There are 2 protein chains.
Amino acid sequence: MSSTPESIAGAPLTQAERTALSDRSMIDAAIELILEHGTEKTTLKAIGEKAGYSRGLATYRFGSKAGLYDAVCKSISRRWLDYLKAGVGDKTGIEAMGAALDAFYKFVTESPREARVLQILYCGAASPKSEYRETSANIHQKQQDDVADWVRAGQAERRIRGDVDPQSVAAQYIAYISGITYLWLINPDAVDFRKANDDMKLHLELSLSPEAKGD
Amino acid sequence: MSSTPESIAGAPLTQAERTALSDRSMIDAAIELILEHGTEKTTLKAIGEKAGYSRGLATYRFGSKAGLYDAVCKSISRRWLDYLKAGVGDKTGIEAMGAALDAFYKFVTESPREARVLQILYCGAASPKSEYRETSANIHQKQQDDVADWVRAGQAERRIRGDVDPQSVAAQYIAYISGITYLWLINPDAVDFRKANDDMKLHLELSLSPEAKGD
DNA sequence: ACTCACTTGCTTGTCGACAGCAAGTATCTT
DNA sequence: AAGATACTTGCTGTCGACAAGCAAGTGAGT
């Protein structure tokens, strides 16, 4: 009976390859199932079996349901950061903020499933005793700090008015993205991402550019 | 043996009064427990017993855990709408949007527990099969429509530039409130609500008022 | 105003499903 | 071959849900 799952295709896998494969499979299965049933109604048994393993592997590997969701969260976040990096490059100021909105739109349209699941997980992190709350808080904090840096750089180049507080602008910007994604999640038809982002870009221009009244 | 829970205080209660009392008690208990443990780790047994009843009453009365959370969501929403009405009155345009931000700040500072729980419940509504998703979607949609009306009224009075789309501005505005509340929830120290709202008001002024360049 | 049939509020017994754990088996590694 | 590591299976306590039962409230007929 040499037809173990791995050896069917030929060469046997190393231990490292086996764990990498089962990790990937279970994270993918989790994404699929969260999309369909949400985080609460998705069971570890369903995840393990959909990935082609036993009901117990997910717990064994990730320690707990929250541990698995934390891994999924980090996995999708990495993908999103790739989009972000590719879109923004080393732009700064209003330009960077506009490019990030475009990157986000691209992420949502090209990988809507990942985007949805990421937002669902972020929402789960809002619960008082969520075990991956730190993960969400750190990601949001880092993104907010990056935006604040863009604003500061823009101010240094005199392309953003000097009397705005970078941290506050960044908070507002991140809040918009988080909020619009939530609205899209609970009522996809009610949100026109393209239009909302274009309007946001216009408003950023109007409220941040130094040419306007004041400053 | 006339010392039933109700008759201790004197007059016996009517059926309607009894349900009103137990409903209220259970909703209050749920708010308390959600604050402490989140929605998932709060049990119906704990809610019923904290309210002074049996483990089974919550299920019996609200049908399911989701049914109870739906009731809590609606209960807190009503309170928030009171704040909103009192703060905005019949203002319109940018003024109304500023007043709503002030009302929201007041709600968050005066009833932080309710505000937190409401946001936690909204987050729970993001899950694909959440049974109170409709409730959240409706509330957000209605608020967005109200804001759009303020914008239209402001445009009619020539106090808001005519070339912005009311629906889009409203979406952006609601997204900001939703997003900043989420950020506050997962990391309360990182959000200065007062400052963020003041900045938001300034940016609304800059991007919506017709005196600026263009239009 | 008393009572008896009926309704409604609430509790308790029970069940299937779940997350998590520990002990066991199969597969790699040296 | 023998140890290490990937994975499975047996088990337990707890959960939400349901249904049957109990107790308190209600109202029509006398």
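Quick summary incoming for the structure in this document. Just so it is clear, the model here is predicted, and its values are computed rather than measured.

Regarding the protein's contact with DNA strand D
DNA strand D sits among 22 residues. The nearest are A:S22, A:S54, A:R55, A:R61 and B:K65. The protein-proximal atoms of DNA strand D, defined as those within 4 Å of the protein, are 73% sugar or phosphate. A distance of 2.7 Å is found between a phosphate oxygen of DNA strand D and a side-chain nitrogen or oxygen belonging to A:S54. Contact distances for DNA strand D include 3.2 Å between a phosphate oxygen and a backbone N or O atom of B:L44. Put simply, the parts of the chain that give the surface near DNA strand D at least two residues each are α1 (15–37) and α3 (57–62) of chain A together with α1 (15–37) of chain B. Broken down by element, the surface near DNA strand D gets its largest block of residues, 4 residues, from α1(A).

Some details on the protein's contact with DNA strand C
For DNA strand C, the set of nearby residues contains 23 residues, the closest of which are A:K65, B:T19, B:S54, B:R55 and B:R61. The protein-proximal atoms of DNA strand C, defined as those within 4 Å of the protein, are 75% sugar or phosphate. Here a phosphate oxygen of DNA strand C and a backbone polar atom of A:K65 are 2.8 Å apart. Between a base nitrogen of DNA strand C and a side-chain N or O atom of B:R55, the distance comes to 2.4 Å. Among the secondary structure elements, those contributing two or more residues to the surface near DNA strand C are α1 of chain A together with α1 and α3 (57–62) of chain B. In terms of residue count, α1(B) provides more of the surface near DNA strand C than any other element does, 4 residues in total. Of the residues assigned to the surface near DNA strand C, the class counts are 6 nonpolar, 11 polar and 6 charged.

Rules used throughout
Counting of residues starts from 1 at the beginning of each chain's written sequence and follows it residue by residue. Naming scheme: in the order in which they are written, chains are lettered from A and ligands are numbered from 1. Under the rules for a predicted model, residues below a pLDDT of 70 receive no local features and side-chain atom pairs below 80 are neither given nor counted, while totals for whole chains, interfaces and linings still include all residues. Side-chain numbers here rest on the full set of heavy atoms in the structure, without hydrogens or water. Working definition: residue near molecule or strand if any one of its non-hydrogen atoms lies within 4 Å of it. Any pair of N or O atoms that falls within 3.5 Å is considered a polar contact. Within protein, one atom must be able to donate a hydrogen and the other to accept it, and sequence-neighbouring residues count only if both atoms are side-chain atoms. Here a strand is any run of E in DSSP of at least two residues, a helix any run of H or I of at least four, and the numbering for each starts at the N terminus. By the convention adopted, Pro, Cys, Tyr, Trp, Phe, Met, Ile, Leu, Val and Ala count as nonpolar, Lys, Arg, Asp and Glu as charged, and the other residues, Gly among them, as polar.

These figures capture arrangement, not role.
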